[in-house]
Amino acid sequence: MIVVAGAVLAALALFYDPERPLYGGAALGLLALLTVYTGLSMSWSVAPDLSLQELGQTFTYLAVFAVALAGARQFRRGAKPLFTAILLAGLAICLWALATRVFPGAIGEQVLGARLAAPFDYWNALGGMAALTVPATLWLGSRREGSYVSAALAYPALGTLLLTVLLTQSRGALAAAVGVILVWLACVPLRLRTVSVVGVATLAVVPIAAWALSKDAFTAALQPLSVRQDVAGHFGLMLVATLLVLTVAGGVAVRIRGRTTLSIPMRRKAGIVVAGLLALLALSGLAVFAGSGGGIDGRIEQLTAAKSTAAGSGAGRLGTVSSSRGEYWRQAFHVFEDRPVLGSGADGFTLARLQYRTDPRAASHAHGFIPQTMADLGLLGTLVVLALLVAWAVAALRAVGLRRRGAPRAPWTQEQIVLTGLGLCVVAYGLQSTIDWTWFIPGPTVAALAAAGFLAGRGPFTARDEAAVAVARPIRDPLRVIAAAAIAITSLLSAWAVWQPERSANAVGQAITLSDGGRDDAAIRQADRARAIDRYSAEPLYAKATALTGANRPIAAYNVLVQAIVEHPRDPETWLRLSQFELNELDLPTRALASADAAFAIDPKSTRVAILATAARAAIGASGPPAPASKPASP
């Protein structure tokens with residue numbers, strides 16, 4: 001739907017043009033180039049099925065960025081509605097996440113993790129969404145325009161976001177939130193109002209966060225429903241009380257602010273005091289950071305070590321830097337060294353990392369956008385990404401009005417403040433995704449790309465922009481008609497391609513259901529249909545092999561599994577499936593052990609393969625651990 005809507009809006013934008021330069025065109029072109037490169041990487045990818053899915057996702061992101069850019073061209077004063085939409089979306093998501101802990105039996109029954117994660121099922125993504133929404137609450141609570149009610153509601157809104165970040169225990173999201181608050185205070189001349197919002201919200205949420213992070217329901221995984229229900233009522237009452245207190249405190253603060261007018265000298269003195277307190281706080285934090293864990297060098301070594309100690313859970317986690325990211329980054333750099341120019345293919349790190357991992361539980365993403373890009377797309381893809389970042393930064397600074405040096409500094413306008421806030425949304429997302437795999441989570445990524453696209457396409461900021469209204473006139477040009485038709489056709493074809501993996505997965509699910517019900521012939525036909533829809537995935541072959549086995553056609557099932565190996569030789573799952581079939585269905589333990597050895601060559605730390613190899617050795621009367629093969633055996 002996003003791709004189709006983007007195609008329609010982009011085509012319309014070609015006919016209604018405000019006749020100004022295509023600002024952000026370089027960033028849009030580079031993102032399109034990245035999308036094309038992602039698609040081309042399927043030809044050399046170690047996991048073409050995953051690359052196809054990544055292509056669909058990247059094309060969707062391109063559509064979001066292009067629509068936001070086109071919207072900025074048509075509606076240069078549309079920053080406030082977009083900022084408000086991001087604020088409402090972020091708050092809705094965070095409130096839903098908190099509600100899963102207030103009503104665990106109704107909407108949080110399937111929540112098994114300790115850390116707040118719904119609705120993304122990943123705590124760091126939720127924390128990242130909350131962090132990128134923070135600038136919108138700063139704008140809402142500190143702006144000089146707007147109603148008293150909206151300014152007062154900024155206090156509970158920011159409290160909701162900060163509490164969400166703390167309960168996700170996401171240190172990257174917390175750092176991103178703190179970072180954008182500091183940048184806002186440094187750049188936007190609404191410091192006293194901002195300090196009021198941030199200070200009150202922080203003081204209010206610390207007690208409830210500390211209480212929650214002392215309970216097993218918020219710090220220990222796999223807790224039974226009864227344990228989570230025992231604290232749900234108390235947490236719900238504390239949450240409602242905290243939000244009510246923040247609403248009242250916000251109303252009082254806004255009323256006092258409205259009745260008190262400080263002179264310019266007093267504002268400057270207060271600003272100096274605030275800056276001094278922030279500097280003192282930063283120095284104190286740096287001293288605590290450097291005074292433990294072997295100093296700054298020791299902390300950095302903990303962060304980047306290949307075998308870092310576990311960070312733990314609870315409030316203490318927020319003060320540590322130890323994590324498993326050093327191990328993931330090490331794997332990514334090894335994958336990059338194998339294919340430094342082109343990479344292993346979009347999302348190819350998922351399979352290419354297996355031979356380098358030291359822990360069978362290691363994650364399938366590199367937990368860092370740059371390491372992931374280097375492993376997946378190689379040096380060429382990384383250069384495209386860096387060029388895209390530079391092009392967007394130039395366009396964003398131009399839109400905010402901070403690009404030119406030496407120009408006289410004009411008073412900040414409300415529009416400029418909103419544009420700065422949109423830029424900080426993107427900055428928060430960038431900071432958090434630098435050390436995580438948020439790019440693969442559409443929720444926060446779409447919000448950040450919408451803000452980024454609008455900033456890139458808006459064009460230079462001037463003080464008179466607030467009073468200027470661009471008039472878009474319909475343009476009837478044959479070239480534009482051709483371009484609009486090309487965009488529409490390309491987008492529709494791409495949308496169809498994006499949908500195919502989902503259609504194939506649904507067909508595979510139906511085939512499995514039919515096979516479980518004993519309707520093997522129908523299951524075979526459904527698996528063939530899934531295969532015809534998506535020839536890059538091995539799942540239809542697995543489903544067909546299962547159905548053929550149920551139909552008592554073992555030779556045909558064996559040939560299908562061999563076909564899966566031929567098409568996906570770097571996927572240990574194909575070798576594992578063949579080994580299981582050879583052991584359990586054909587009673588060929590020697591062949592099963594050879595296939596297991598081939599899987600070991602790709603994934604030496606797989607416990608599933610180890611168990612299967614042990615069973616095969618037991619079946620042939622051998623003993624001792626299996627010796628990994630130097631290279632996969634031929635099917």
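Please read all numbers here as calculations on a predicted model, not as lab measurements. (Residues numbered from 1 in each chain as written. Predicted model: local features only at pLDDT ≥ 70, side-chain atom pairs only at ≥ 80, totals over all residues. Heavy atoms only, no water.)

> Is there a simple way to think about the overall build of the protein in this case?
Secondary structure summary: the protein contains 24 helices and 2 strands in total. Out of the 635 residues in the protein, the part that is buried amounts to 50%. Accessible surface, the protein: about 29,100 Å² in total, of which carbon and sulfur atoms supply 66%. (Helix = DSSP H or I, 4+ residues; strand = E, 2+ residues; numbered from the N terminus. Buried < 20%, exposed > 50% of the residue type's maximum accessible area, 1.4 Å probe, protein only. Areas by Shrake-Rupley, 256 points an atom, 1.4 Å probe, with all protein chains shown as cover.)

> Explain the nonpolar core to me, please; I cannot follow it from the model alone.
Buried together is how nonpolar side chains tend to be arranged in soluble globular proteins. In terms of nonpolar packing, the biggest core is built from 108 residues, with Phe-65, Leu-167, Phe-235, Trp-392 and Leu-422 touching the most fellow members. With 12 residues, the single largest contributor to this core is helix α6 (residues 148–168). What Leu-167 contacts, discounting residues up to four positions off in sequence, is Leu-98, Arg-115, Leu-116, Ala-209, Ala-212, Leu-213, Phe-218 and Phe-235. Of all hydrophobic cores here, the second largest spans 33 residues; its members include Val-562, Leu-578, Leu-593 and Val-609. (Core = buried A, V, L, I, M, F, W, Y, C linked by side-chain atoms within 4.5 Å. Contact = heavy atoms within 4.5 Å.)

> Honestly, the packing of aromatic side chains in this entry has me stumped. Any pointers?
Two descriptors summarise a pair of aromatic rings, namely the distance from one centre to the other and the angle between the planes of the rings. Tallied over the full model, the rule gives 7 aromatic pairs. Considering the side-chain rings of Phe-83 and Trp-139, the 5.3 Å spacing of their centres and the 40 degrees angle between planes classify their relative orientation as tilted. Taken as a pair, Phe-83 in helix α4 (residues 79–102) and Trp-139 in helix α5 (residues 123–142) lie far apart in primary sequence, 56 residues in all. Overall, Trp-139 belongs to the buried group, its relative accessible area being 3%. Feature note: the residues Tyr-61, Phe-369 and Trp-439 constitute an aromatic cluster, connected by ring pairs. A cation over a ring is seen here: Arg-143 above Trp-139, with NZ or CZ 4.7 Å from the ring centre. A cation over an aromatic ring shows up here: Arg-577 above the ring of Tyr-542, its NZ or CZ 4.1 Å from the ring centre. (Phe/Tyr/Trp six-rings, centres within 6.5 Å; stacked < 30°, edge-to-face > 60°. Lys NZ or Arg CZ within 6 Å of the ring centre and 35° of its normal.)

> Please explain the confidence of the model for the protein as it appears in this structure.
Any region with low pLDDT has predicted coordinates that should not be read closely. This prediction gives the protein a mean pLDDT of 84; 78% of its residues lie at or above 70. Confidence drops under a pLDDT of 50 for residues 466–471, and excluding neighbours within four residues, the segment shows 10 contacts in the predicted structure. Of the regions scoring below 50 in pLDDT, residues 623–635 engages in 25 contacts with residues more than four places distant in sequence or in other chains. (pLDDT = per-residue confidence, 0-100.)

> So what exactly am I meant to see when it comes to the environment of Val-200 here?
Residue position: Val-200 is located in helix α8 (residues 191–212). Relative accessible area serves as the criterion here: at 27%, Val-200 is assigned to the partly exposed category. Expressed as a C-alpha distance, the spacing of Val-200 and Val-245, which sit 45 residues apart in the sequence, is 9.8 Å. Among all residues touching Val-200, those that are not within four sequence positions of it are Tyr-155, Val-195, Leu-246 and Ala-249.

> What should I look at first to understand the packing of helix α22 (residues 572–584) against helix α23 (residues 589–602) in this one?
Packed helices, taken two at a time, are described by their axes: the angle between them and the distance between them. The N-to-C vectors of α22 and α23 enclose an angle of 165 degrees; their axes lie 8 Å apart at closest approach. The angle between the axes of α22 and α23 places the two elements in the roughly antiparallel class. Where α22 crosses over α23, the handedness of that crossing is left-handed. In this structure, α22 uses Pro-572, Trp-575, Leu-576, Leu-578, Ser-579, Glu-582 and Leu-583 to contact α23, whose residues at the interface are Pro-589, Arg-591, Ala-592, Ser-595, Ala-596, Ala-598, Ala-599 and Ile-602. (Axes fitted to C-alpha atoms, helices over the stretch in contact; angles between N-to-C directions. Parallel < 35°, antiparallel > 145°, perpendicular 65-115°, else oblique. Left-handed = near helix turned anticlockwise from the far one by under 90°.)

> Help me understand the side chain of Thr-164, please; the structure alone is not making it clear to me.
Note that Thr-164 resides in helix α6. Accessibility expressed as a relative area gives 0% for Thr-164, which makes it buried.

> Any chance you could explain the pattern of salt bridges here in plain terms?
Per the counting criterion, the structure on display carries 9 salt bridges. Two residues, Arg-577 and Glu-573, come together in a salt bridge whose shortest N-O distance is 2.9 Å. With Arg-577 and Glu-573 both in helix α22 and 4 residues apart, the pair spans about one turn of that helix. On the accessibility criterion, Glu-573 (18% relative accessible area) is buried. The structure contains a network of salt bridges with shared partners spanning Glu-573, Arg-577 and Arg-608. (Salt bridge = Lys/Arg side-chain N within 4 Å of Asp/Glu carboxyl O.)

> Can you help me understand the environment of Ile-512 in this one?
Note that Ile-512 resides in helix α18 (residues 478–516). Overall, the relative accessible area of 44% leaves Ile-512 in the partly exposed class. Spatially, the C-alpha atoms of Ile-512 and Lys-544 are 8.7 Å apart, while their sequence positions differ by 32 residues.

> Explain the side chain of Thr-382 here, please?
Among the structural elements, Thr-382 can be located in helix α15 (residues 369–400). Take Thr-382: its relative accessible area is 8%, and that puts it in the buried class. Ignoring sequence-local partners within four residues, the contact set of Thr-382 consists of Thr-373 and Met-374.

> Help me understand helix α16 (residues 414–434), please; the structure alone is not making it clear to me.
The periodicity of an α-helix, 3.6 residues per turn, causes residues three or four positions apart to be oriented the same way. The first and last C-alpha atoms of α16 sit 30 Å apart over 21 residues, in line with the 30 Å expected at 1.5 Å per residue. For α16, the buried fraction is high: 17 of the 21 residues fall into the buried class. (Expected span 1.5 Å × (residues − 1).)

> What should I look at first to understand a nonpolar patch on the surface in this one?
On the surface, a cluster of nonpolar side chains totalling about 660 Å² of accessible area is made up of Val-341, Leu-342, Ile-370, Leu-379, Leu-380, Leu-383, Leu-386 and Leu-389. By the element assignment, Ile-370 lies in helix α15. By relative accessible area, which is 32% here, Ile-370 ends up partly exposed. (Patch = residues over 30% accessible without salt bridge, like charges linked within 9 Å, V, L, I, M, F, W, Y side chains within 5 Å.)

> Help me understand unusual backbone geometry in this model?
Most peptide bonds adopt trans geometry, and most residues besides glycine take a negative phi value. The peptide bond linking Ala-118 to Pro-119 adopts the cis configuration, its omega dihedral lying at 5 degrees. Relative to the elements of secondary structure, Pro-119 occurs in the loop between α4 and α5. One non-glycine residue, Asn-552, lies in positive phi territory at about 60 degrees. In this structure Asn-552 comes out as exposed when scored by relative accessible area, which is 66%. Within the chain, Asp-587 stands out as a residue other than glycine whose phi angle is a positive 55 degrees. Note that Asp-587 resides in the loop between α22 and α23. Of the residues examined, Asp-587 reaches a relative accessible area of 60% and is grouped as exposed.

> Please explain the packing of α15 against helix α17 (residues 442–458) as it appears in this structure.
For the pair α15 and α17, interaxial distance at closest approach is 7 Å and the crossing angle is 70 degrees. As far as their axial angle goes, α17 and α15 are roughly perpendicular. Crossing angle aside, the handedness with which α15 passes α17 is left-handed. Of the residues in α17, those touching α15 at Trp-392, Ala-395, Ala-396, Ala-399 and Val-400 are Ala-452, Leu-455, Ala-456 and Arg-458. A breakdown of the residues in the contact of α15 with α17 according to their chemical character gives 8 nonpolar, no polar and 1 charged. (Nonpolar A, V, L, I, M, F, W, Y, C, P; charged D, E, K, R; others polar.)

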